[in-house]
Amino acid sequence: MCRKGWCRSWRVADTVGVGGRGRWLPALLVVGVGVTAVEVAVLVAAGFGSWARWADWPNAWWVVLPALPIGWSFVAVGLFTWRRRPDNRVGPLMTAVGFGQFASALWMVPVSLVYTVGLVVATWFVGVLAHLLLTFPSGRLSGRADRVLVVAGYLAASACNLVSMFFADDTDGGPPGVRNLLLVRADDGLAALLGLVTGVLLVGLLAVTAVVLLYRWRWGTTAQRQALSPVLPVGASYVILAGLRLAFPGEVGLLGPLIALVAIPYVFLAGLMRIQFFQMRALGSLMTGLGDRSYTGDLPSTLAAALDDVRVRVVYWLPDQDRYTDHAGRSVDLPSDGSGQAVFPIERDGQRMGAVIVDDVVVAEESQLVTGLIGAVELAMDNQRLEAELRARVLELERSRADVIRVGEAQRRQLERDLHDGAQQQLVALRLRLGLIRQSLARSAGAGRGGVLPSDVGVQVDTAMDDLDAALAGLRELAHGLHPMLLSTRGLAVAVESLAARAPVPVHVEVRVHGRLPEATESAAYFVIAESLTNIAKHAAATGATVTVREQSGRLLVEVRDDGVGGADPTGAGLVGLAARVAGLDGHLRIGASAQGGTVVQARIPLPADRAEG
Amino acid sequence: MRVIVAEDAPLLREGIVRVLSRAGLDVVAQAGDADELLSTTRAHHPDVIVVDIRMPPTNTDDGLRAALQLRADDPALGVLILSQYLETAYARELFEAGVEGVGYLLKDRVGDIDRFVDSVLRVGEGDSVLDPDVVAQLVGRHQAAGPMTGLTDRERAVVSLMAQGRSNLAIAAALHLSGASVEKHIRSIFTKLDLPTDPDTHRRVLTVLAYLQSPS
């Protein structure tokens, strides 16, 4: 949770690009190498000198030797970070600390001018270090308080030695044969006092910095907390040790802060890498959540789960209503400039889909995370949009398929009715008329009841009546195939019994269904059985068949099994039509071979949910 | 014999009425739908009603249901059902309402005028009549078990003709047998079906019922 002043949100607009680093690199290295060379020369001279006893440079080794590796540590890590995160000021600051370290040993060079300047800049690196600590990990200062601290730090770091040098005459700690060029009035006591005062100030500022860091580590943004975890102990110990050194000047006192300083660049690096790690993990977790099979489309929850406490909001754009809404459909107004939040629109193919709203602080400190986030949200939204479109399309198709099936049914019923009331009726009437003709003929010929007519005409009438009988039988079968009236009036069980009775092989029937089923379902089940029995009669060479119909787990199970030769062709028009009809009810038709060699036709059709089983 | 004819196709209805009238039956009323059938039957109390299964109002099985209702009111009423559906289920339903004086014929049969008139008369007298095609379908069923399995093929043929409502003489003629051997077969059938031995129409009807009710 971010509170109060130390990590207050601020404008994203202040993106400071540190560009052109590429040009600087060789120049920096040259300078670094040059200074190092000089200082190494100093070391060599000091060492040679003591050995040859012609110079007395007691502090040379203590001062120069540690400065070089520490300096190069900072420079190396600083340049590395600068390269990896070009717009993060941490990189250049760290490099500057490194150079500051080189500078802090300059006062060992036995040239008065260099000695004097070296003394002035010896503590500069502390100011830069404070700056670095305060801007870590984003490279940005987060408020006026920060800026004040940094400026004060630089001032103190510069003034620390400068003011006392006006009065310091004592060059014993330095290289042989140098003079303090800034000497105004020799007053060692005053020099010492001033030195102490500014030293205390500096350490005090460092302590305040340490407190700020502590605060951030406890209550800062996620990135701050993650990055400062390794840095804080080392930084704090440096401060403490530097303070102790003031109290106990001397070689031993140097050791403490030195060790802390050596560690600092690496903990900084560790801190930065830690952020990277956590961001990657968060993004990874987000992507996994979005790609998970159980992802319900609740983007905000998935985001919240993946990103811990990063404050991110997702809003959706409704084009036909021209407004933004949240996941639940409530209207949302985009935050205005200066509200401390940044808005990133999400678009695909020129179509606006929504937006991501992120706190400025997060954008500033975790820009990589935000970029990844926006990409993930874009993908997720696009996915949702496509899925919604797909579902709508599927629904439409299902509805139209159901319509087609329904219309087909209705048409068949109409045809059956037309046949019954039309052609069949007329042919029956015609047969009756022929019957009357026959009767008249019989009477006029004098033949008895039901007798055979002798004349030619009689034979023709008889033949005509037989032909009519055949036609009527055919029409009857046709009508029955279109729509079996028994199915509508008496239900599936009775109709299936009737089918079994007509079959040329013995059919064992088991129908365990309670009450009536939806018309379309009964019809589909009936025709599956009818078609299967027809196929058995035509192709299977079977000795028997079994038909079972039962309800199970909210579905109707229809099975027709025969013991014939098998080899049913699932691409036959009848079976394909059946499969489509069953599929239109969200069911499934399966044709397979039974273990005994015959064929099994199985249909599963969902039943309405409110149907009581049993 | 007093008859009511219920049939919704006017042409056919007139034809049937004409056939029956010419044969000497008294057609006391006609009906074009189920409700009319109910009202005219209750008004005129005929001996037989000749009914089409499919009639208004719903055009599914209104005629059958009306006939069954009338039969429930008056079990002595003769009911002859005419249908364009070759469904043993309807015939079974009809016979479950009582085996005396019921008949189920395909509409085509009205063209066999003599046979048709005979069927109407027989139903009116309390006999039972089944369309030969319906019988054929019953014959065509493969019976796993049942009273019919104990009969010889010849006996089964006799039963099927009996079910069609033929007299012993007609059966003899159809099967090219003597009247005596037909009677012998019939006695054997009654024994095998475990029916009592007094020779009246009830046994024939019971035979038919056994035939109809055999499991498939």
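Along each chain, residue indices are assigned from 1 in the same order as the chain's sequence is written. Lettering of chains starts at A and numbering of ligands starts at 1, both following the order in which they are written. Side-chain atom pairs in this predicted model are given and counted only at pLDDT of 80 or more, local residue features only at pLDDT of at least 70, and totals for whole chains, interfaces and linings cover all residues. With hydrogens and water excluded, all non-hydrogen atoms of the structure serve as input to the side-chain values.

Trainee: Whenever I open this one, the overall build of chain B confuses me. Can you help?
Mentor: Per the convention used, a helix needs a DSSP run of H or I reaching at least four residues, while a strand needs a run of E reaching at least two, with both numbered from the N terminus. Looking only at helices and strands, chain B features 10 helices and six strands. Residues count as neighbours in contact if any of their non-hydrogen atoms are within 4.5 Å of one another. Taking the intrachain contacts of chain B between residues at least 6 apart in sequence as the baseline, contacts between residues at least 24 apart amount to 66%. Here the accessible surface of atoms and residues is derived via Shrake-Rupley with a 1.4 Å probe, and residues count as covered only by protein chains that are part of the display. For chain B, the computed accessible surface area is about 8300 Å², with 53% contributed by carbon and sulfur atoms.

Trainee: Just to check I follow, could you spell out the overall build of chain A for this structure?
Mentor: Along chain A, the regular secondary structure elements total 17 helices and 10 strands. We call a residue buried when its accessible area falls under 20% of the maximum for its residue type, exposed when it is over 50%, and partly exposed in between, using a 1.4 Å probe and counting protein chains only. Out of the 614 residues belonging to chain A, those deemed buried represent 45%.

Trainee: Would you explain unusual backbone geometry in this entry?
Mentor: Residue and element names in this part refer to chain B. Residue P57 is bonded to the preceding P56 through a cis peptide linkage, with omega at 10°. As for its position among the elements, P57 is in the loop between β3 (48–52) and α3 (62–73). Although it is not a glycine, H45 sits at a positive phi angle of roughly 50°. For H45, the position within the fold is in the loop between α2 (34–44) and β3. Residue classification places H45 among the exposed residues on the basis of a relative accessible area of 57%.

Trainee: What should I look at first to understand the pattern of salt bridges in this one?
Mentor: Opposite charge on two side chains allows them to pair when their charged atoms are near. Residue and element names in this part refer to chain A. The working definition used for a salt bridge is a side-chain nitrogen of Lys or Arg within 4 Å of a carboxyl oxygen of Asp or Glu. In this structure the tally under the stated criterion is 32 salt bridges over all chains. Between R385 and E389 there is a salt bridge whose closest N-O contact spans 3.6 Å. Residue R385 and its partner E389 are both found in helix α12 (residues 367–445); the two are separated by four residues, about one turn of the helix. Here R385 falls in the partly exposed class, since its relative accessible area comes to 23%.

Trainee: Before we go on, may I ask you to explain the sheet that holds strand β1 (residues 312–318) of chain A in this structure?
Mentor: Within a sheet, neighbouring strands are paired by backbone hydrogen bonds and run either parallel or antiparallel to one another. All names here are of chain A. Note: two strands are recorded as paired if DSSP finds a minimum of 2 bridges between them. Ordered by their spatial adjacency, five strands build an open sheet running β3-β2-β1-β5-β4, and the pairing between neighbours is antiparallel. Both edges of this open sheet fall to β3 (331–332) and β4 (341–348), since each of them pairs with a single strand only. Pairing of strand β2 (residues 323–325) with β3, which is carried by two bridges, proceeds in the antiparallel orientation. Bridge pairing in β3 links T325 to S331. Angles here are taken between N-to-C directions and fall from 0 to 180 degrees, while the axes themselves are lines fitted to C-alpha atoms, restricted in helices to the stretch in contact. The strands touched by α12 are β1, β4 and β5 (351–359); relative to β4, the strand with the most contacts, the crossing angle is about 40°.

Trainee: Help me understand the nonpolar core, please; the structure alone is not making it clear to me.
Mentor: Note that soluble globular proteins tend to have their nonpolar side chains buried in a common cluster. All names here are of chain A. Each nonpolar core is a collection of buried residues, namely Ala, Val, Leu, Ile, Met, Phe, Trp, Tyr and Cys, held together in the definition by side-chain atoms within 4.5 Å. Core analysis: the biggest nonpolar cluster contains 46 residues, and F74, L129, L132 and Y238 have the highest contact counts within it. With residues near it in sequence (within four places) discarded, L129 still touches F74, V97, Y238, L261 and I264. In this structure, A495, V513, L533 and V582 belong to the second largest nonpolar core, which totals 37 residues.

Trainee: Before we go on, may I ask you to explain the side chain of D62(B) in this structure?
Mentor: Residues and elements named next belong to chain B. Following the sequence through the fold, D62 ends up in helix α3. The charged side chain of D62 is buried without a salt bridge, its nearest counter-charge being R65 at 4.2 Å. One polar contact links D62 to T58, side chain to side chain, over a distance of 2.5 Å. His is not counted, nor are the chain ends; Lys and Arg add positive charge and Asp and Glu add negative charge. We call two N or O atoms a polar contact when they sit within 3.5 Å, provided that within protein one can donate a hydrogen and the other can accept it, with sequence-adjacent residues counted only if both atoms are side-chain atoms.

Trainee: Explain a positive patch on the surface to me, please; I cannot follow it from the model alone.
Mentor: Like-charged residues are merged into a patch within 9 Å and nonpolar side chains (Val, Leu, Ile, Met, Phe, Trp, Tyr) within 5 Å, provided each residue has over 30% relative accessible area and no salt bridge. In this description, the location of a charge corresponds to atom NZ of lysine, CZ of arginine, CG of aspartate or CD of glutamate. Side chains of R433(A), R443(A), R18(B) and R22(B) sit close together on the surface and give a patch of like positive charge. If you list the elements that add at least two residues to the positive patch, you get α12 of chain A together with α1 (10–22) of chain B. Looking at the secondary structure, you find R22(B) in helix α1. Accessibility expressed as a relative area gives 43% for R22(B), which makes it partly exposed.

Trainee: How should the pairing of strand β9 (residues 588–593) of chain A be read in this particular structure?
Mentor: Every regular strand shows the same layout, with side chains that alternate between the two sheet faces. Residue and element names in this part refer to chain A. When β9 meets strand β10 (residues 599–606), the two strands line up antiparallel, connected through six bridges. Bridging from a neighbouring strand, H588 pairs with R604 of β10. Once β9 ends, the chain turns through five residues before running back antiparallel as β10, passing G597 with a positive phi of about 105°.

Trainee: Would you explain a nonpolar patch on the surface in this entry?
Mentor: Residue and element names in this part refer to chain A. Together, V111, L113, V117 and L181 make up an exposed nonpolar region whose accessible area comes to about 340 Å². Relative to the assigned elements, V111 resides in the loop between α3 (90–104) and α4 (112–121). A residue is classified by how much of its surface remains accessible, and V111, at 41% relative accessible area, is partly exposed.

Trainee: Would you take a moment to explain the environment of V128(A) for this structure?
Mentor: Residues and elements named next belong to chain A. Residue placement: V128 occurs in helix α5 (residues 124–135). Sequence spacing of V128 and G98 is 30 residues, and the spatial spacing of their C-alpha atoms is 9.6 Å. Those residues within four positions of V128 in sequence are excluded, and the remaining contacts are L93, A96, V97 and Y154.

Trainee: I tried to follow the packing of aromatic side chains on my own but got confused; where do I start?
Mentor: Geometrically, a pair of aromatic rings is defined through the distance of the ring centres and the angle of the planes. All names here are of chain A. Aromatic rings from Phe, Tyr and Trp, taking only the six-membered ring of Trp, are treated as a pair when their centres fall within 6.5 Å; an angle between ring planes under 30 degrees marks them as stacked, one over 60 as edge-to-face, and anything in between as tilted. For the coordinates displayed, the defined rule picks out five aromatic pairs over all chains. Each ring, one from F99 and one from F102, has its centre 5.6 Å from the other, and the planes form 90°; the classification is edge-to-face. Within this pair, F99 and its partner F102 are both found in helix α3, separated by three residues, close to a single helical turn. Residue F99 is classed as buried on the basis of its relative accessible area of 18%. Here the aromatic cluster, defined as three or more aromatic residues joined through ring pairs, consists of W72, F99 and F102. Sitting over the face of the ring of W317, R352 holds its NZ or CZ atom 4.3 Å from the ring centroid. The criterion is that NZ of a Lys, or CZ of an Arg, lies within 6 Å of the ring centre and within 35 degrees of the ring normal, and then a charge sits over that ring.

Trainee: Help me out: how do you make sense of the packing of α12(A) against helix α13 (residues 456–482) of chain A in this one?
Mentor: Residue and element names in this part refer to chain A. At their nearest, the axes of α12 and α13 sit 10 Å apart, and the two run at 165° to each other. Classed by the angle they form, the pair α12 and α13 counts as roughly antiparallel. When you trace α12 past α13, the crossing you get is left-handed. The scheme is simple: roughly parallel for angles under 35 degrees, roughly antiparallel for over 145, roughly perpendicular for 65 to 115, oblique for anything else. Handedness of a crossing is defined here by the sense of rotation of the near helix relative to the far one, left-handed for an anticlockwise turn of less than a right angle and right-handed for a clockwise turn.

Trainee: What is the right way to look at the confidence of the model for chain A in this model?
Mentor: Do not read the fine detail of predicted coordinates wherever pLDDT is low. Within a predicted model, pLDDT stands for the predictor's per-residue confidence, ranging from 0 to 100. Taken over all residues, the pLDDT of chain A has a mean of 80, while the share at 70 or more is 88%. Every residue in residues 1–20 of chain A scores below 50 in pLDDT, and together they form 43 contacts with partners more than four places removed in sequence or on other chains.

Trainee: Sorry, what's going on with the interface of chain B and chain A here?
Mentor: Contact with chain B, which involves 36 residues of that partner, is made by 34 residues of chain A. For the pair chain B and chain A, the two sides together bury roughly 3200 Å², of which 51% comes from carbon and sulfur. Three residues stand out in chain B for area buried against chain A, namely R54(B), Q84(B) and D108(B), and they jointly supply 20% of the buried area on that side. Linking chain B with chain A are seven salt bridges. Measuring nitrogen to oxygen at the nearest pair gives 3.1 Å for the salt bridge that ties D108(B) to R476(A). When residues of the side of chain B that touches chain A are traced back to their parent elements, those giving at least two are α1, α4 (88–96), α5 (113–124) and α6 (132–140) of chain B. Buried area: the accessible area, evaluated with a 1.4 Å probe, that two parts lose upon being put together, summed over both parts.

Trainee: In this structure, what is going on with the environment of D169(A)? I would like to understand it.
Mentor: For D169(A), the location among the structural elements is in the loop between α6 (144–165) and α7 (188–219). The residues contacting D169(A), other than those within four sequence positions of it, are L183(A), A186(A) and D188(A).

Trainee: Explanation requested: the sheet that holds strand β1 (residues 2–6) of chain B in the structure shown.
Mentor: All names here are of chain B. Overall, parallel pairing links the six strands, which are arranged β2-β1-β3-β4-β5-β6 in an open sheet. Only two strands of the sheet have a single neighbouring strand rather than two, namely β2 (26–31) and β6 (128–130). Each adjacent strand pair in this sheet contributes to an overall mean axis angle of 20°, direction not counted. Across four bridges, the pairing between β1 and β3 is parallel. Among the inter-strand pairings, I4 is bridged to a residue of β3, identified as I49. The strands touched by α5 within the sheet are β1, β3, β4 (78–83), β5 (102–106) and β6, with β4 carrying the most contacts at an inclination of about 145°.

Trainee: Can you walk me through the side chain of E87(B) in this structure?
Mentor: When you line up the elements, E87(B) lands in the loop between β4 and α4. Overall, E87(B) belongs to the buried group, its relative accessible area being 3%. At a separation of 2.6 Å, a polar atom in the side chain of E87(B) contacts the side chain of S498(A). Setting aside its immediate chain neighbours within four residues, E87(B) contacts H480(A), L486(A), S498(A), R502(A) and Y104(B).

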